[in-house]
Amino acid sequence: MLSANFTPKFNSKDIMSEWIKKDWFILQDAIADLGVQLLAYMQGFITERRKHPETTGKLASSIKLYPLGGFGQAEVGWGIGDMQVMSKIAPYWYLINFGGSSFKGDYHFTPGYFEGGKFIYVPMSKEGHMLPSGVKGIIKPMNYIEASRLMLQNELYNLLNKMANEGESNEAKGHF
Amino acid sequence: MATYRTTRNIEASIIDFIRDILESTWTDVNVEKSFARIYEIALPSICVSSENTVYNKIQIGDNSFERNVSIIVDLFCENDGQRLDLKDTLIEGLKDGCPYYDYVTKKSGRTTTVDTNPQNGRIRIIKITDNPINIDTEKDNLDVHDRFRHRLSLTVSLGRIE
């Protein structure tokens, strides 16, 4: 087999850091701004898709932005949504995102269904597989976390791309 | 005769591909696209649905875009071991992408079935994340379908300009 193998004599990490150094404050500002935009996106996503317009909006308002780092620091970042805070204000946040059966174990559950006003008891099998068909109370997943993650991924990619392109064009013009 | 549009083609192609992966290694795994239906059928079951899509403009002054679609694969299992094995089987199968089909349906009486589905490219998997889903309630008190769940979130693209 005739083969050729080339190893570039540069470190991509160095190139990234060199580029970031030049535009650090612009990047810091843009990332901070992205956090605000993403928070608004997530809250809007939830509000638009809520089933009952008269709901309190606790879930959307329980999601907050937590900045990390800041001006003058060699760091920029943020987190959206603190699970402890959300669990306190809107404990159903998890079920709304991932979906599931709304059945809770705080009371006894008798498997069966109503037919013509009469309750028909259906014993549950040993494996617990038996469930009466047409179980009520299934919450469809809203997937607001996944939707926001996709948006973040996309926006971050666009932002870095834009900055890299601007950096290249400035370099061509001799601006630093 | 009707044809599926892109998002529906992606969703159906992934469902078919998952069925193919499981056919050779697993038995009796249901693959569904309706979340509510999962709660009416036996475990283990998988629910596949396409969710949000983001569209990236290719260049300024052009309306062409590239789409990235979010696909959610929810696993409903009988126990923890099965949950982990099933998700690894799926990740191993999906990581290299899968064929993309154009589905054409035909109607016969009241039923509509897939007539043809010629391959028209491949679906690229851009990102996979997997998370266990632990609803904060005693397992015994949960619906049997909610006890051992796992979620794969895929970001996929056709890698083509539309």
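Look a little higher up for the structure.
Everything numeric here is computed off the predicted structure, so don't read it as measured data.

**Looking at the overall build of chain A**
So, step 1. For chain A, the helix and strand inventory stands at six helices and six strands.
So, step 2. Secondary structure elements of chain A, listed N to C terminal, follow the sequence α-α-α-β-β-α-α-β-β-β-β-α.
So, step 3. Of all 176 residues assigned to chain A, the portion counted as buried reaches 28%.
So, step 4. Relative to all contacts within chain A whose residues are 6 or more apart in sequence, the contacts with residues 24 or more apart total 63%.
So, step 5. Of the roughly 12300 Å² that chain A leaves accessible, carbon and sulfur atoms contribute 59%.

**Observations regarding the sheet that holds strand S2 (residues 30–32) of chain B**
Residue and element names in this part refer to chain B.
So, step 1. With mixed pairing, the six strands of this open sheet are ordered in space as S2-S3-S4-S9-S8-S5. What marks the edges here is a single partner per strand, and that holds for S2 and strand S5 (98–101). Across this sheet, the average inter-strand angle for adjacent strands is 35°, counted without regard to direction.
So, step 2. Of the pairings in the sheet, the one linking strand S4 (residues 65–77) to strand S9 (residues 148–157) comprises 10 bridges and is antiparallel in character. Across the sheet, Phe-76 pairs through a bridge with Arg-149, a residue of S9.
So, step 3. Helix H1 (residues 6–25) rests against S2, strand S3 (45–57), S4, S5, strand S8 (119–133) and S9 of the sheet, and its axis sits at about 135° to S5.
So, step 4. The strands that helix H3 (residues 80–94) touches are S3, S4, S8 and S9; relative to S9, the one it contacts most, it runs at about 10°.

**Description of the pairing of S8(B)**
Residue and element names in this part refer to chain B.
So, step 1. Here S5 pairs with S8 via three bridges, running antiparallel. Its bridge partner being in S8, Pro-99 is matched across the sheet by Arg-122.
So, step 2. Relative to S9, S8 runs antiparallel, the two sharing nine bridges. Across the sheet, residue Asp-130 finds its bridge partner in S9, namely Leu-152.

Criteria and cut-off values
- Residues numbered from 1 in each chain as written.
- Chains lettered and ligands numbered in written order.
- Predicted model: local features only at pLDDT ≥ 70, side-chain atom pairs only at ≥ 80, totals over all residues.
- Heavy atoms only, no water.
- Helix = DSSP H or I, 4+ residues; strand = E, 2+ residues; numbered from the N terminus.
- Buried < 20%, exposed > 50% of the residue type's maximum accessible area, 1.4 Å probe, protein only.
- Contact = heavy atoms within 4.5 Å.
- Areas by Shrake-Rupley, 256 points an atom, 1.4 Å probe, with all protein chains shown as cover.
- Pairing = 2+ DSSP bridges.
- Axes fitted to C-alpha atoms, helices over the stretch in contact; angles between N-to-C directions.

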